[in-house]
Amino acid sequence: MSEIIVSEQMPVLALRGLVVFPKQLLHFDVGREKSLKALESAMLADQRVFLVTQKNIIDDDPTEKQLYPVGTVAKIKQILRMQDNLTRILVEGEYRAKIERVLQTEPCMTARVESVQERAPAQLTPKAEAMMREASMLFDEYLELMQKPARELQLRILASRDLGYIADTILQHSTIAYQDTARLLGNLNPVSRLEETLRLLRRELEVLRLESEMQEKTRGQIDRGQREYYLREQMKVIREELGEEGEDEDAAAYRSKIQALGLPQDTEKKLLKDVSRLEKQPFGSSEGAVLRNYLDTVLELPWNKTTKERVDIEAARKILDHDHFGLEKVKERILEILAVKQMAPELPGQIICLVGPPGVGKTSVAYSIARSLNRKLARISLGGVHDEADIRGHRKTYVGAMPGRIMTAIAQAGTKNPLLLLDEVDKMGSDYRGDPSSALLEVLDGEQNGTYRDHYIEVPFDLSGCMFITTANTTDTIPRPLLDRMEVIELGSYTDEEKLMIAKDHLLPKQMKKQGLKKTQLRISDDCIREIITCYTKESGVRNLERQLGAVCRKADRKLLEEDAPKRLTVTGGNLEEFLGVRRFLPDQLPPVDPVGLVTGLAWTAVGGETLEVEVNVLEGSGKLELTGNLGDVMKESAHAALTYIRSRAQVLDIPADFYKTKDIHVHFPEGAVPKDGPSAGVTVCTAMVSALTGTPVRRDVAMTGEISIRGRVLPIGGLREKTMAALRHGIKTVIIPEGNRRDLEEIDQTVRKSLNFITAEHVDKVLESALLIDRTHASGPKAEVTIPAEKPGRKPEIRQ
């Protein structure tokens, strides 16, 4: 079959030192004026251009005779305009061609070109197969020596059965001289062209091997010491040229600073060793930057700086009284600690843990202690910390390493003996990155923290002069070994009277100043503040109270700026809703009559005490016990323990002996969306069950708390102070508590002690006698009551049999 000869007119682009082969993609830069005109002419036509190599690369405007006879017709795939009047183009070769005649030379060379056809072999001979295999192996070796991976090219050569294509591909992607590749472009015999290509490729491989051997020999002949010396001299010259010749001065400055600190011998030796390592680092190296940051961080620490401590009990008392209302027991404990420090200053300081609900002033107490001692304070928030490296720091080998929070706080305080406030110590977590609470064991141990080692600092630092204060909402989540190192001081909930005084003396003046109000512009009465405390907040602290006072002040600002506004506003309980809207919490009210099967219990929460009602209904059934109200396992077990006790005392309590077979008992705790758990509702559940089973009313002004056993014993509980405050707010008159909590009555607020009548009980029988409205003539057993006389609040409780 005869080949078709193509003759076309197209622009000619002369190539310098470059040859383009058919079926090959290649990009190159174009800068000559005629070449750019040829590209423009091609783009206006069918994007084809005749690419032909010029014989002498020096010629700027070659003629037809100065071009090789055979070139390639290529299609322009992409044009990219670049800087300096250069244009980068991507072309794909289509077929070989030669110039038939030149039509014009200006503004660019245009010619009629005629395709040139190859002489394809009739069939592949064994010789051709051998040449293809050799071509593949030699080209693989060539790419390896050139360190130029081209997996796609290798696969294309392996997959091709066209000798001419294999030769063209190798010639296009090798460094063989352009004179040879241009000559081979004109070789139309594929077998002969591949033979010549392999010969040139072998020669190129030999040259590459010699180059590699010469480089290896040259490297081996250079002595290491001479090479370092040569490079150092070069670096000195480069630094001088760049104006960075102060590296040696930096090392000398580091040495002088380290020696001036008077550090322990081991520490000073280690730091000077790091300075020597810094000197050996080349300019701009990452290791040099790490060492420089490390030395800067270590030298910023207050190794010898201390603040003069002021241990004055009277001054501390005045500061604490000025900053905080109430908290008498807390203040007394703090003053005792300061007194010990004044009497025995050589003893290591105690680690104080302030525990209490949110908003009761734990953090502000720590600030007051720092002010009274004249110590710098650094606060470290530990809430949500999961990584041990946050406490101990990261090894400086890691990218972005930094000291831990303890050493960072010391550096920020700028003194060796600050007061470190570790806030929210109960909210630390632990995961695969370590346990931060374990890292705090060394920090909070007075016997160990004299040689505390941070992972980043790597040298011991003395923390024994620091005073540590931690804060927490509960001790339940603090690990026991950590809690054992701390002196726990509990801050209880504020009473309504304490909140009133805090609001008048602290919160209201602060909010009025913050909102731009003067005392002559706004007056808030005491009954208004009491209404806010009772009907707009429900908390153990005063944070929400401060927010509500701020809302009143903002509303007052707007009213004072209205037209015909009064010069002074007075807010009372009567007009409070105009400022804060409808009351959110209505005052607790007792039932109108003494109910059956409804008993008021007392519960402790993270925000203070709460009253907890227990409802019991008895239905005809098969003896099922239903417990509802989002209860935890401990509370469910308390209900079962109460039922077991009632069954054991059914005859005495005048309850049918088979009630557990014929009656279904449903125990419900209202507010089902709130999770509830704990053992202290045991006596409450038992009393409600007995009331419902016997139909006996329960005194509506009685509340109770205590854990019950299956033998009817009433066991001690916790949180009595907060629970009794909740009882007072609810309008309760009598509170039944376990006999084991008698000693806790000394801790109860004076206002609560004067307002409530306390009954202590060792057995549930006494609880039932006190709470149920039964005929007293049939009651057996004594009743123990603890009464706090109103006229003598300081007296110890009286026990009446």
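Everything here concerns the structure above.
Calculation criteria
Per chain, residues are indexed from 1 in the order of the written sequence. pLDDT decides what is reported in this predicted model: residues at 70 or higher carry local features, side-chain atom pairs at 80 or more are listed and counted, and totals for whole chains, interfaces and linings draw on all residues regardless. Only hydrogens and water are set aside when side-chain values are computed; all heavy atoms of the structure are taken into account. Patches were defined on residues exceeding 30% relative accessible area and lacking a salt bridge, with like-charge contacts within 9 Å and nonpolar side-chain contacts (Val, Leu, Ile, Met, Phe, Trp, Tyr) within 5 Å. Accessible areas in this description were obtained via Shrake-Rupley with a 1.4 Å probe; residue shielding takes into account the shown protein chains only. The rule for a salt bridge is simple: a side-chain nitrogen of Lys or Arg has to be within 4 Å of a carboxyl oxygen of Asp or Glu. Residue exposure (1.4 Å probe, protein chains only): buried if accessible area is under 20% of the type maximum, exposed if over 50%, otherwise partly exposed. Numbering of helices and strands runs from the N terminus, with a helix taken as a DSSP run of H or I at least four residues long and a strand as a DSSP run of E at least two residues long. Side-chain rings of Phe, Tyr and Trp (the six-membered ring for Trp) are treated as a pair once their centres are within 6.5 Å; stacked means planes under 30 degrees apart, edge-to-face means over 60, and tilted covers the remaining angles. Note on criteria: charge over ring means Lys NZ or Arg CZ within 6 Å of the ring centre, with the direction from the centre no more than 35 degrees off the ring normal. Given a helix with a known number of residues, its expected span is that number minus one, times 1.5 Å. When DSSP locates at least two bridges between a pair of strands, those strands are taken to pair. We define the nonpolar core as a collection of buried residues of types Ala, Val, Leu, Ile, Met, Phe, Trp, Tyr and Cys that are connected through side-chain atoms lying within 4.5 Å of one another. Only heavy atoms matter for contacts: two residues are in contact if any of them lie within 4.5 Å across the pair. Any cysteine sulfur atom paired with another within 2.5 Å is treated as part of a disulfide. In this count, Lys and Arg are taken as positive residues and Asp and Glu as negative ones, while His and the chain termini are left out. Pairs of N or O atoms within 3.5 Å make up the polar contacts considered here, provided that, within protein, one atom can donate a hydrogen while the other can accept it, and that residues adjacent in sequence are counted only when both atoms are side-chain atoms.

(A) Expanded view of a nonpolar patch on the surface. Side chains of Leu80, Met82 and Leu86 sit close together on the surface and give an oily, nonpolar patch of about 240 Å² of accessible area. A residue is classified by how much of its surface remains accessible, and leucine 86, at 31% relative accessible area, is partly exposed.

(B) Region of interest: the pattern of salt bridges. This structure, assessed with the given rule, holds 41 salt bridges. Between aspartate 60 and arginine 16 there is a salt bridge, and its shortest N-O distance comes to 3.0 Å. Taken together, the positions of aspartate 60 in the loop between strand E3 (48-53) and strand E4 (70-81) and arginine 16 in the loop between strand E1 (7-15) and strand E2 (25-30) put the pair 44 residues apart, joining distant regions of the chain. Residue aspartate 60 is classed as exposed on the basis of its relative accessible area of 53%. When its relative accessible area of 38% is taken as the criterion, arginine 16 is described as partly exposed. Here lysine 270 makes a salt bridge to glutamate 458, at a shortest N to O gap of 2.7 Å. Here glutamate 458 lies in the loop between strand E10 (452-453) and strand E11 (460-461) and lysine 270 lies in helix H9 (residues 265-280), a separation of 188 residues in the sequence.

(C) How the structure looks around the packing of aromatic side chains. Under the criterion given, the structure shown has four aromatic pairs. Aromatic side chains phenylalanine 659 and tyrosine 660 sit 6.1 Å apart centroid to centroid with 90° between the ring planes, which places their arrangement in the edge-to-face category. One Lys or Arg, lysine 559, reaches over the ring of phenylalanine 579 and ends 5.5 Å from the middle of that ring.

(D) Quick look at the environment of arginine 554. By the element assignment, arginine 554 lies in helix H20 (residues 543-560). Here arginine 554 falls in the partly exposed class, since its relative accessible area comes to 47%. Arginine 554 sits 38 residues away from glycine 516 along the chain, and the two C-alpha atoms are 9.1 Å apart.

(E) Region of the structure containing helix H2 (residues 126-146). Over its 21 residues, H2 runs 30 Å from end to end, which matches the ideal 30 Å to within 8%, given 1.5 Å per residue. Every buried residue of H2 is listed here: Ala128, Met131, Met132, Ala135, Ser136, Leu138, Phe139, Tyr142 and Leu143. One or two steps after H2, the chain reaches glutamine 147, where phi turns positive at roughly 55°.

(F) Focus on the pairing of strand E12 (residues 467-472). By the criterion of burial, E12 is predominantly enclosed, with six of the six residues buried. Neither face of E12 is left uncovered, since the one carrying Met467, Ile469 and Thr471 and the one carrying Phe468, Thr470 and Ala472 both have all their residues buried. Relative to E12, strand E7 (residues 352-355) is paired through four bridges, and the arrangement is parallel. Directly across from valine 355, in E12, lies its bridge partner alanine 472. Here four bridges tie strand E9 (residues 419-423) to E12, and the two strands are oriented parallel to one another. Across the sheet, leucine 421 pairs through a bridge with isoleucine 469, a residue of E12.

(G) Molecular detail of the nonpolar core. In terms of nonpolar packing, the biggest core is built from 52 residues, with Leu522, Ile524 and Ile532 touching the most fellow members. At seven residues, the largest contribution of residues to this core is made by H20. With residues near it in sequence (within four places) discarded, isoleucine 524 still touches Leu508, Ile529, Leu549, Val552 and Val571. Counting 50 residues, the second largest nonpolar core, distinct from the first, contains Trp303, Cys353, Ala413 and Val425.

(H) Main features of the state of the cysteines. Summed over all chains, the structure comprises zero disulfides. Distance from the sulfur of cysteine 353, which forms no disulfide, to the nearest cysteine sulfur (cysteine 466) is 18 Å. In this structure cysteine 353 comes out as buried when scored by relative accessible area, which is 0%. Here cysteine 553 is not disulfide-linked; the sulfur of cysteine 528 is the nearest cysteine sulfur, at 10 Å.

(I) View of the side chain of lysine 723. Take lysine 723: it is sitting in helix H25 (residues 720-730). Buried and unpaired, lysine 723 has no salt bridge, with glutamate 722 as the nearest side chain of opposite charge at 8.4 Å. Setting aside residues up to four positions removed in sequence, lysine 723 forms contacts with Leu602, Ala603, Trp604, Gly609, Ser680, Thr705, Ile717 and Gly718.

(J) Representation of the environment of alanine 439. Relative to the helices and strands, alanine 439 is located in helix H16 (residues 436-443). Distance in space between the C-alpha atoms of alanine 439 and leucine 482 is 9.8 Å, their sequence separation being 43 residues. Setting aside chain neighbours within four positions, we find alanine 439 in contact with Glu388, Ile391 and Arg392.

(K) Quick look at the side chain of lysine 331. By the secondary structure assignment, lysine 331 is in helix H12 (residues 328-343). A relative accessible area of 7% places lysine 331 in the buried class. Separated by 3.0 Å, the side chains of lysine 331 and aspartate 321 make a polar contact. Setting aside residues no more than four positions away along its own chain, lysine 331 makes contact with Leu320, Asp321, His324, Phe325 and Gly326.

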